[in-house]
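Single-letter residue listing:
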Amino acid sequence: MKVTQIAVCFISLLGLKNTFAIDLEVRGTQGYGLNASWVQYTGTDNCAPDQGGDTCHYSAEVRAIYDGTTECPSGVLTVNGDDLPMHMRVNATHNFQNIVCSAKLPLDPKEDLKNITLEGNALPVPKWEDNEIVVMGDTGCRLGTSHDGMYQDCNNPTLWPLERVAKSVMESKPDVIIHMGDYIYREGQCVLNSFVPHKGTEVGGCRGSAYYDSKGGVGIPDPKNETFDVWWEDWFKPARYVNEAAPLILIRGNHETCDRAVRDPPTNIS
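All values derive from a computational prediction rather than experimental measurement.

Asker: Before we go on, may I ask you to explain the sheet that holds strand S5 (residues 82-83) in this structure?
Answerer: Ordered by their spatial adjacency, 4 strands build an open sheet running S5-S4-S8-S9, and the pairing between neighbours is antiparallel. Where the open sheet ends on each side, the last strands, each with one partner, are S5 and strand S9 (121-123).

Asker: So what exactly am I meant to see when it comes to the state of the cysteines here?
Answerer: Two cysteines joined by a covalent bond between their sulfur atoms form a disulfide. Counted by the stated rule, this structure contains 2 disulfides. Paired through a disulfide, Cys 72 and Cys 101 show a sulfur-sulfur distance of 2.1 Å. One disulfide, between Cys 72 and Cys 101, carries an S-S torsion of -105° and so falls in the left-handed class. Pair noted here: Cys 72 is in the loop between strand S3 (57-67) and strand S4 (77-79) and Cys 101 is in strand S7 (residues 98-104), with a separation of 29 residues, a long-range link. With relative accessibility at 16%, the residue Cys 72 sits in the buried group.

Asker: Looking at this model, I keep getting lost on the pairing of S7. Mind explaining?
Answerer: Side chains on a regular strand alternate between the two faces of the sheet. Within S7, 6 of the 7 residues are buried, which leaves it mostly tucked inside the rest of the structure. By the bridge criterion, 3 bridges tie strand S6 (residues 87-90) to S7 in an arrangement that is antiparallel. Paired with Val 90 across the strands is Val 100, a residue of S7.

Asker: Help me understand helix H2 (residues 162-171) in this model?
Answerer: The α-helix advances 3.6 residues per turn, and as a result positions three or four apart in sequence lie on the same side. A large share of H2 lies buried, amounting to 7 of its 10 residues. Every buried residue of H2 is accounted for by Leu 162, Glu 163, Arg 164, Val 165, Ala 166, Lys 167 and Val 169. Residue Lys 173 follows H2 closely and has a positive phi angle near 55°.

Thresholds applied
Residues numbered from 1 in each chain as written. Predicted model: local features only at pLDDT ≥ 70, side-chain atom pairs only at ≥ 80, totals over all residues. Heavy atoms only, no water. Pairing = 2+ DSSP bridges. Helix = DSSP H or I, 4+ residues; strand = E, 2+ residues; numbered from the N terminus. Disulfide = S-S within 2.5 Å. Buried < 20%, exposed > 50% of the residue type's maximum accessible area, 1.4 Å probe, protein only.

Structure below.
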C-alpha cells in the first residue's frame, strides 16, 4: 500500500469555533427503509503469505441497515452494473428493530471495480492503492456522570463538531478512512448542567438526546434506552458523510464492549 498523506482527526470535547450549514437527511428516507449504508474492509482472502506475490489481498463488503422489513431487499445493489444479492447479517431484535444486510464485493487485484450503487445511490469503491488516508476516533458525544458531570452539547455543531468534521473528511476525498473506535459516548441522561453536577438543571444543548444507562450494572443497561437511536445519533446520522466518502476500516473501542455499551448489540460495525 502506498501512502502519500494521512489526516488525523480526533473529536475534541471543546469542539471548534467556526460553523457552517449542513443539509440534514431524515432517517429511513434513502429508500425501502434504508437507514445507513457503507463499504467496509473486512480482512483478507486467499491469503498464502508463504507464496508471496499478490496471492494475499483484502476483502470488502457493502453493509446496509434497513427498517420496516424482515428480509434484505433484492435487486437494489449493483457492482459494475450487475446485480449483487445482499444477505442477512443481523436479524431484528426487540430493542434493535432493524436488520443489517451485507454483500461481499467481488475483488480481484487484476480487475478494477468501476462503480457500486445501492438503491440508485453511488457507494465508494475500494482501490488497490490508497494514497489519501483519514484516521479518526473517539467521536461520540459525551453524556454521563463521569468527568465531573461534564455533559457535552450534542445538539450544537460547534461544541460537538462530528458532523462538520465528517463533511470536511468527505470534501478531502480520501481513499480509505480508519476509525479507531469509541463511537458511543452517550452513557447518561441529559439532566445536569455542564461542570455543575447535581444542580438539577438540564443542558439545553443535549436536550432529548438518546442515551445508554451503562451505570445501572455492568453489562445490564436500562433496556428502554438500549436501542439503535444511540447509534443513530452518535454515529450514523452525523457521520453519514464519512460513509459516503470512502471505504472504511472500523475498529471496536472499549466503549463498544458488550459489558459497557449494550447487552443486545446490533453488530452494525463488527
